[in-house]
Amino acid sequence: MYRKCLSYQIAALLLLFPLLAQAQYFGRNKPAYTKFEFQVLHSPHFEFYHYFNDPQDAVKLVQDAEKWYSMHQAVLKDTFSTRNPIIMYKNHADFQQTTAISGEIGVGTGGVTEGLKNRVVMPVTLSNRQTDHVLGHELVHAFQYHMMRTGDSTNLYSIQNLPLWMVEGLAEYMSLGSVDPNTAMWMRDAVIKDDIPTIKDLTRKPRYFPYRWGEALWSFIGGSFGDDKIAPLFEATGKNGFERATETILGVDAETLGNMWKTSLQNYYKPYIAQTDTIATGTKLLHPENAGTMNISPVISPNGRYIAYLSEQNVLSLDLFLADARTGKVIKQLANTIRYEHLDNFNFLESAGTWSPGGNKFAFVVFSRGRNRLAIVDVARSHVLEVLDVPGVVAFSYPAWSPDGSSIVVAGLVEGRSDLYLYNLKTKKTTQLTKDNYSDVMPYWSADGSRIIFSTDRPAPGQGNSNKGRFNLAELTIATGHIQLFDVFAGADNLNPVYAPNSDDILFLSDRDGYRNMYRLNRADNTVQRLTNYATGISGITALSPAMSVARDEATVVYSHYQRGNYSIYSSPLAAFKAQTVPSDSIDFRAAVLPPQSRVKPLVDQQLAQMYNTASPVKPDQINAVAYRPQFKLDMINGSAGVGVQTAGPIRSGLQGGVNMLFNDIVGNNQIFGAVSLNGEIYDFGAMAAYLRQTGKIQWGASLSHIPYLSARIGSRSDTLQTAEGGVPVDNLILQQIRTYQDQIALMGNYILNTTHRFEFGGGISHYSYRIDQFNNYYTNGFYIRTDREKIDAPDGFMFEQLYAAYVGDNSRFGLTSPLAGRRYRLHVERYFGEFKVYNLLADYRQYVRVKPFTLAFRALHHARYGPDAESGRLAPLTIIYPFYIRGFGNEYFIRSQEQGNPISFNNLYGTRIAVANMEIRLPFTGPERLTQIKSGFLFSDLNLFVDGGLAWSEHRLFNETEFSGQFGREIEYRPLISTGVSARINLFGAIIVEPFYAIPLEKNGMKLANFGINIGPGW
């Protein structure tokens, strides 16, 4: 009998494991909509993976990479001993599907360099210069990893000693140099609001963006001490940390260095700030007090009544909103990715939407099913009417609706080239308007629909290579295809052009004086007027983000103004701007310098200047095509080992150790995982091998494993110990070590529909066997005599097969300790064959309704077993005992309940079927300022009011029944268990979430049964 019970108890526990381990229970997906057929090019220093139709497009990028290699090598004095891999995607939608990098790739991620294979993974962007910048940035990371891996007394783990600002800031500094209008705008703003961090704050506080601040600090270090100190300081920090490294390499301590930097920023920028206007023109409509801290991409309706804009004012995501253009009142949310689950994301970084001529529709760019699409929303109903492909153009941005309503022009990216394309809404056909190697962005229609003004990096007459990829203004005549370039502020970025209302004059943004201000080009006399003179600038998140819009039917301008660390939207009549005529060839970037201006050994700036004025050091004939090989290599290996010795007791010694290995191919399509471990004796050896195929909509894998599970039973009895003098009565303390061995072959797969929905499926064959070792520990009168070990009979092994399938949806947004918006659900069915013939059914639905500052959270869950063995008693029952299901019904409750004479027992918690319902009111309490009630940089917590309900029953024991049980025939009532109470969830430094709670059972004498408890883990 013992053997049978043991077998079934262990089997019942292990039957639960596949349900939990087959796949991630919830969670968003990383779809692979497209199968990429990579080709490979070899150059002297790089192994370049691409899938361009024309290999010459790839050759040009390889040459650019070699230019960056020469530049970085001259500064960092490091040399690659083997070719460094670069994986290049044609656009960001493709890049989001990469399998070379695990985890989600966000819209704001320009590229990634991982340290295991030193792979640079990135997309081509709409701007030639931005692609080149990202390539240069990521190759700095490749050098950083290589330096740590091959340096003296450093290794890959030394990167952990490097602050993030040091890693990312150096990549920005070495790819942009000491003149950067965007970062200088941030620094001027910090000087104005007196918020320049210490180096310690920069290292510890995430509110200081490491890219911008790190770039500025590295510029100061390089300019003050010489760029030849970059490599020694970086390597020394990897060895010993930043504070010791500054003293050793720079001869100053970190605090002094920070004070020097702060003084330099203040002294340099204050004179430039004094030359600017302190009050912005117009009405401040949308700002942190009535919207978000990031209100960007404003687009005013043709009649000037409404503004569509993007904002994070709901905190958890960046969404599309509608506001009154006169009062700034936020009218409603037009669209978000929670409501429209088939949209993977908005293209918010360098794009804005466009109004239909009648102002009743609004079109914007989204990511959906592996490409960019046009989403058109009915403004009155806040309903997405349709999501459109632009045929032949997989990636695009900056849509502009034609004045007659028939077409939308976009800046499209096809085969690495950025051109303008016209999409006809009626015929669904696409016409290419420009065709060249230049980047054409930000198109805008003339009032009569005959011309399009846009920004382009094609050089103005006589500009040549000195343009450095900066943007000029150009006008396209639709009928003839003629492009007219305007020779205005050549060498500056002239962006976001729009036609002034009822005029051919052009309004645009330019950084020609180191600031980002609005200008007007008067077509009649070719004069230029500056309309704003701001210390910070009119800007979006990046320099290429649209930041200005004009109402066609009235002379009103809206723009996003960066100030005090926030993006606010202003509205002003065009006539209200103070116009000042400036020379059209006046360029002065001194206000954009990251100090100091007088620099010691400016290697970075010298190398960047040389890059733009010289050809690549590698000629096309030095770049060769080679066959693609997966190149399975060991990405990761880790493990541990130990020996334990015990001087008394049943177990005298043991070994502990394990090794985990991960193999990956070069582009991440295939993974192989292997693990071996030993924890105790040779009988405790375990091993596992798994394969995962990650490409395509169906991602699948297989595993083979031998896993030992160790459990124990303890007991005692009187015994007789045989000695030379005969039998001696003793006490025998019996310890039984029970080893359960699971040998399993499993297959699993996911059919991914989009980022929020998937099907899961799989199956396996499992065999279980047992070994029982009994240790007889003999005592007499409390004194230990000896221990005998014997192997005793174990239960017979058994085998079963399993099949499962599930449908999973999850578009929820997580807060500090639990989800706060969206929904998630799982419908799951399993079938077991063989020793146990059981169906497992699970339905779990959760909804989170955000009503600021609260979230109303709801859950309904049902889990049931069916089939011949479901009610046989051979398997451990399902239970609602866990506080993750219902709170307040632990041991303390049942002890008190029996004292009160309540007709409830532990049997109420168990059955073959369970149902759970929960409701919570969640209030983010301490943490980030815009989300919580109390601002805190280290204590993240929620307060919750809850109602929990749960019920367990079986086929033969329904609820609302009573029975008599126990020695005295006490009546037991089977009914739902319901409790209410309060809890606090606390996120302990991102490592664990703890939830203390106080629960009151909703029943007779409930207050007397109230009790405290604790839950470990995130909220449901």
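Keep in mind it's a predicted model, so treat the numbers as computed, not measured.

**A short note on the overall build of the chain**
Part 1 of the argument: Looking only at helices and strands, the chain features 14 helices and 56 strands.
Part 2 of the argument: Overall, the C-alpha framework of the chain stretches about 120 × 65 × 55 Å when taken along its three principal axes.
Part 3 of the argument: Counting only residues that meet the buried cut, the chain has 56% of its 1020 residues in that class.
Part 4 of the argument: For the chain, the share of sequence-separated contacts (at least 6 apart) that also reach a separation of at least 24 residues comes to 61%.
Part 5 of the argument: Split by element, the accessible area of the chain, about 42,500 Å² in all, is 55% carbon and sulfur.
Part 6 of the argument: In the chain, which carries 95 positive and 94 negative side-chain charges, the distance between the mean positions of the two groups comes to 2 Å.

**Overview of the confidence of the model for the chain**
Part 1 of the argument: Taken as a whole, the chain shows an average pLDDT of 91; of its residues, 94% reach a score of 70 or greater.
Part 2 of the argument: Under a pLDDT of 50 for its full length, residues 1-22 has, in the predicted model, 43 contacts with residues more than four places off or in other chains.
Part 3 of the argument: Confidence over residues 964-970 falls short of pLDDT 50; this stretch has 11 contacts with residues more than four positions distant or in other chains.

**Quick notes on the sheet that holds strand E22 (residues 472-477)**
Part 1 of the argument: One open sheet holds the 4 strands; their spatial order is E20-E21-E22-E23, and the pairing between them is antiparallel. Two strands bound the open sheet, and with one partner strand each, they are strand E20 (440-445) and strand E23 (483-486). Adjacent strand axes in the sheet meet at a mean angle of 25° when their direction is disregarded.
Part 2 of the argument: In the sheet, strand E21 (residues 451-456) pairs with E22 via 6 bridges, with the strands oriented antiparallel. Following the sheet pairing, Phe 454 is matched in E22 by Ala 474.

**Re the sheet that holds strand E18 (residues 417-424)**
Within a sheet, each strand pairs with its neighbour through backbone hydrogen bonds, oriented either parallel or antiparallel.
Part 1 of the argument: The sheet built from 4 strands is open, its strands ordered E16-E17-E18-E19 with antiparallel pairing. Looking at strand neighbours, the two that pair on one side only are strand E16 (395-401) and strand E19 (430-432), the edges of this open sheet. In this sheet, neighbouring strand axes are inclined to one another by 30° on average, regardless of whether the strands run parallel or antiparallel.
Part 2 of the argument: Relative to E19, E18 runs antiparallel, the two sharing 3 bridges. Paired with Leu 422 across the two strands is Thr 431, which belongs to E19.

**Let's talk about empty space enclosed by the protein**
Part 1 of the argument: Counted under the stated rule, the structure contains 3 cavities of 30 Å³ or more.
Part 2 of the argument: Reported here for the largest cavity is a volume of approximately 210 Å³.
Part 3 of the argument: Looking at the lining of the largest cavity, its residues break down into 5 nonpolar, 8 polar and 5 charged.
Part 4 of the argument: The computed volume of the second largest cavity comes to approximately 100 Å³.
Part 5 of the argument: Taken together, 15 residues form the lining of the second largest cavity, with Leu 310, Asn 347, Ala 352, Gly 353 and Phe 364 sitting closest to its centre.

**Notes on the environment of Ile 707**
Part 1 of the argument: Within the fold, Ile 707 resides in strand E38 (residues 698-723).
Part 2 of the argument: We classify Ile 707 as partly exposed; its relative accessible area is 27%.
Part 3 of the argument: Along the backbone, Ile 707 and Asp 743 are 36 residues apart, and their C-alpha atoms lie at a distance of 6.6 Å.
Part 4 of the argument: The contact partners of Ile 707, leaving out residues within four places of it in the chain, are Thr 740, Tyr 741 and Gln 742.

**Here's the deal with the pattern of salt bridges**
Part 1 of the argument: Counted under the stated rule, the structure contains 51 salt bridges.
Part 2 of the argument: As a salt-bridge pair, Glu 172 and Arg 212 come within 2.2 Å of each other at their nearest N and O atoms. Note that Glu 172 is positioned in helix H5 (residues 164-176) and Arg 212 in helix H8 (residues 210-225), a separation of 40 residues in sequence. In this structure, Glu 172 and Arg 212 share a single accessibility class: buried.
Part 3 of the argument: Arg 826 serves as the salt-bridge partner of Glu 760, at 2.6 Å between the closest nitrogen and oxygen. Of this pair, Glu 760 sits in strand E40 (residues 757-780) while Arg 826 sits in strand E44 (residues 819-834), and the two are 66 residues apart along the sequence. The exposure classification of Glu 760 matches that of Arg 826, with both residues buried.
Part 4 of the argument: Each of Glu 681, Asp 684, Arg 739, Arg 771, Asp 773 and Arg 789 takes part in salt bridges that share partners, so that together they form one network.

**As for the side chain of Ser 979**
Part 1 of the argument: One can find Ser 979 in strand E54 (residues 977-988).
Part 2 of the argument: At a separation of 2.6 Å, a polar atom in the side chain of Ser 979 contacts the main-chain carbonyl oxygen of Arg 887.
Part 3 of the argument: Discounting chain neighbours no more than four positions away, the residues touching Ser 979 are Arg 887, Phe 889, Phe 946, Val 947, Asp 948, Ile 1000, Pro 1001 and Leu 1002.

**Digging into the packing of aromatic side chains**
Part 1 of the argument: Evaluated as defined, the whole model comprises 52 aromatic pairs.
Part 2 of the argument: Judged by centre distance (5.3 Å) and plane angle (70°), the ring pair of Trp 355 and Phe 362 falls under edge-to-face. Across the pair, Phe 362 and Trp 355 agree in class, each one buried.
Part 3 of the argument: Here the aromatic rings of Phe 489 and Phe 508 are separated by 6.1 Å at their centres, their planes lie at 50°, and the arrangement is tilted. One end of the pair, Phe 489, is in the loop between E23 and strand E24 (494-499); the other, Phe 508, is in strand E25 (residues 506-510), and 19 residues separate them in sequence.
Part 4 of the argument: Judged by its relative accessible area of 0%, Phe 489 falls in the buried class.
Part 5 of the argument: The positively charged end of Arg 771 is found above the aromatic ring belonging to Tyr 683, 3.7 Å away from the centroid.

**What to know about helix H6 (residues 181-192)**
Part 1 of the argument: For H6, which comprises 12 residues, the first-to-last C-alpha distance of 16 Å matches the rise-based estimate of 16 Å (1.5 Å per residue) to within 8%.
Part 2 of the argument: All buried positions along H6 are accounted for by Pro 181, Asn 182, Thr 183, Ala 184, Met 185, Trp 186, Met 187, Arg 188, Asp 189, Ala 190 and Val 191.
Part 3 of the argument: In this structure, the buried side of H6 is in contact with H8, helix H11 (254-274), strand E28 (537-538), strand E30 (556-563) and strand E31 (566-573).
Part 4 of the argument: Directly after H6, the chain includes Asp 194, whose backbone phi takes a positive value near 55°.

**Overview of the packing of H6 against H8**
Part 1 of the argument: Orientation of H6 relative to H8, taken along the N-to-C sense of each, is 90°, at an axis distance of 10 Å. Classified by the angle between their axes, H6 and H8 sit roughly perpendicular to one another. Between H6 and H8, the contacting residues are Asn 182, Thr 183, Trp 186, Met 187 and Ala 190 on the first element and Arg 212, Trp 213, Glu 215 and Ala 216 on the second.
Part 2 of the argument: Partitioned by chemical class, the residues of the contact of H6 with H8 number 5 nonpolar, 2 polar and 2 charged.

**Some details on a nonpolar patch on the surface**
Part 1 of the argument: A surface patch of nonpolar side chains, amounting to about 580 Å² of accessible area, comprises Leu 634, Ile 637, Val 659, Val 676, Ile 682, Tyr 683 and Phe 685.
Part 2 of the argument: Position of Ile 682 among the secondary structure elements: in the loop between strand E36 (670-680) and strand E37 (685-693).

The rules behind the values
Residues numbered from 1 in each chain as written. Predicted model: local features only at pLDDT ≥ 70, side-chain atom pairs only at ≥ 80, totals over all residues. Heavy atoms only, no water. Helix = DSSP H or I, 4+ residues; strand = E, 2+ residues; numbered from the N terminus. Buried < 20%, exposed > 50% of the residue type's maximum accessible area, 1.4 Å probe, protein only. Contact = heavy atoms within 4.5 Å. Areas by Shrake-Rupley, 256 points an atom, 1.4 Å probe, with all protein chains shown as cover. Lys, Arg positive; Asp, Glu negative; His and termini not counted. Charge placed at Lys NZ, Arg CZ, Asp CG, Glu CD. pLDDT = per-residue confidence, 0-100. Pairing = 2+ DSSP bridges. Axes fitted to C-alpha atoms, helices over the stretch in contact; angles between N-to-C directions. 1 Å grid on protein atoms, 1.4 Å probe; cavity = no way out; pocket = protein on both sides within 12 Å on 5 of 7 lines; lining within 4 Å. Points joined across faces, edges and corners; volume = space filled by probe spheres on them. Nonpolar A, V, L, I, M, F, W, Y, C, P; charged D, E, K, R; others polar. Salt bridge = Lys/Arg side-chain N within 4 Å of Asp/Glu carboxyl O. Polar contact = N/O pair within 3.5 Å; in protein donor to acceptor, adjacent residues only side chain to side chain. Phe/Tyr/Trp six-rings, centres within 6.5 Å; stacked < 30°, edge-to-face > 60°. Lys NZ or Arg CZ within 6 Å of the ring centre and 35° of its normal. Expected span 1.5 Å × (residues − 1). Parallel < 35°, antiparallel > 145°, perpendicular 65-115°, else oblique. Patch = residues over 30% accessible without salt bridge, like charges linked within 9 Å, V, L, I, M, F, W, Y side chains within 5 Å.

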